[in-house]
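Coordinate analysis (summary)
One-letter residues, chain by chain:
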Amino acid sequence: MAGMSQAYGREGLCLVRRPCRSPGLLSGPVTTTTAPLHSRPFFALQGGRPEGCAYPQTFHELGVLHVPSGRLEASDPYVSLGAGCTVPVPPGSYPVFVTVADVSEAADGSHPRESYLSVVLHDDAPVAAVRLGVPEGERAPGEGVWYGVGVDAGTVAFADAQAAEALSRRADDVLEETHDRWMELQDDPRHHGSNRANVPLPGAAGGENLALAHSGWGDGFYPLVTTHDADGRLLGVHIDLLVASATHWKDERGDGER
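Summary of the structure given here. (Residues numbered from 1 in each chain as written. Predicted model: local features only at pLDDT ≥ 70, side-chain atom pairs only at ≥ 80, totals over all residues. Heavy atoms only, no water.)

1. Section: the side chain of Ser 104
Looking at the element boundaries, Ser 104 is found in the loop between strand S6 (92-102) and strand S7 (112-120). Other than its neighbours up to four places away in sequence, Ser 104 contacts Gly 109, Ser 110 and His 111. (Helix = DSSP H or I, 4+ residues; strand = E, 2+ residues; numbered from the N terminus. Contact = heavy atoms within 4.5 Å.)

This is the structure in structure tokens:
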């Protein structure tokens, strides 16, 4: 299958990005002359060093994600689970992948950073269009504005939105214990590799789970992007972690480090 700063405003349950060169959490909209996101390069699920990509990449399967409700949520699972961006998809189970960029100067694999987290709905047709993601109940974003995931715990994730909402209402002690377990697995390279995990959601009746990964450079705001075939069919949903297109976003990328 085969792209943003630290300032953002909250609109509803989803964060809407206004690019801004001055880092900081702002209370209102920020305007800019930055080019629209859809004109930026997109390198999810492309190995090697695709043309225009700042770094060599690999991509790794993160197991299957169960979405029986047909509502796919993107969130920071330690902060906004159950209140993230939700995209309608056909109910089903889908493979999840994390694309990893090697940002080391020597390109020797010594400094990996996650560049995309992706849910693949269909892989039977080439990608013909890359679009700004539009959450359910929201209008398509205007020039220089997009929807995405605000990250405050260095992690992004996909989950079934209905199951995520149910878990978010559980008692604090249950959530704390759950988060501790997720962190253990996320840091265990024997699970799904370093910095990522695929874990069941406690109390979920339909086997719903959570696919999570570290968020590239760390905390910040990361756009939701969708890929489509020539007929407009949704092929994949992606969180762009603003790593692979670093040379194109050098002045606008958040500077968080994990």
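2. Details of the side chain of Glu 114
With respect to the helices and strands, the residue Glu 114 is situated in strand S7. Of the polar contacts made by the side chain of Glu 114, one reaches the side chain of Asn 195; its length is 3.5 Å. At a separation of 3.3 Å, a polar atom in the side chain of Glu 114 contacts the main-chain amide nitrogen of Gly 216. (Polar contact = N/O pair within 3.5 Å; in protein donor to acceptor, adjacent residues only side chain to side chain.)

3. A short note on the sheet that holds strand S11 (residues 196-200)
Here we have five strands laid out as an open sheet, ordered S5-S4-S10-S12-S11, and antiparallel in their pairing. Edge positions in the sheet fall to strand S5 (85-88) and S11, since each of these pairs with one other strand and no more. Here the strands of the sheet are splayed against their neighbours by 20° on average, with no regard to which way each runs. Relative to strand S10 (residues 155-160), helix H1 (residues 161-168) is tilted by about 110°, and along the sheet it contacts strand S4 (71-75), S5 and S10. Seen against the sheet, helix H2 (residues 172-186) touches S10, S11 and strand S12 (209-214) and runs at an angle of roughly 140° to S11. (Pairing = 2+ DSSP bridges. Axes fitted to C-alpha atoms, helices over the stretch in contact; angles between N-to-C directions.)

4. Brief notes about H2
Here H2 contains 15 residues, and its C-alpha end-to-end distance of 21 Å stays within 8% of the 21 Å for a straight helix at 1.5 Å per residue. Within the span of H2, buried status applies to Leu 175, Thr 178, His 179, Trp 182, Leu 185 and Gln 186. Along the axis of H2, the buried positions cluster into a sector of 125°, meaning they face one direction only. What points out from H2, more than 90 degrees from its buried face, is the exposed set Asp 173, Glu 176, Glu 177 and Glu 184. (Expected span 1.5 Å × (residues − 1). Buried < 20%, exposed > 50% of the residue type's maximum accessible area, 1.4 Å probe, protein only. Arc of directions from axis to C-beta.)

5. Digging into the nonpolar core
Counting residues in each nonpolar core, the largest one holds 29 residues, and the members touching the most others are Leu 117, Phe 158 and Ile 239. With four residues, S6 is the largest single contributor of residues to this core. (Core = buried A, V, L, I, M, F, W, Y, C linked by side-chain atoms within 4.5 Å.)

6. Some remarks on the environment of Tyr 55
Counting through the fold element by element, Tyr 55 comes out in the loop between strand S2 (14-17) and strand S3 (57-67). Classification of Tyr 55 by relative accessible area gives buried; the value is 18%. On a C-alpha basis, the gap between Tyr 55 and Glu 105 in space is 9.4 Å, while along the polypeptide they are 50 residues apart.

7. Details of unusual backbone geometry
In this model, Leu 45 sits at a positive phi of 60°, which is unusual for a non-glycine residue. Among the structural elements, Leu 45 can be located in the loop between S2 and S3. One non-glycine residue, Ala 107, lies in positive phi territory at about 50°. With respect to the element layout, Ala 107 can be found in the loop between S6 and S7.

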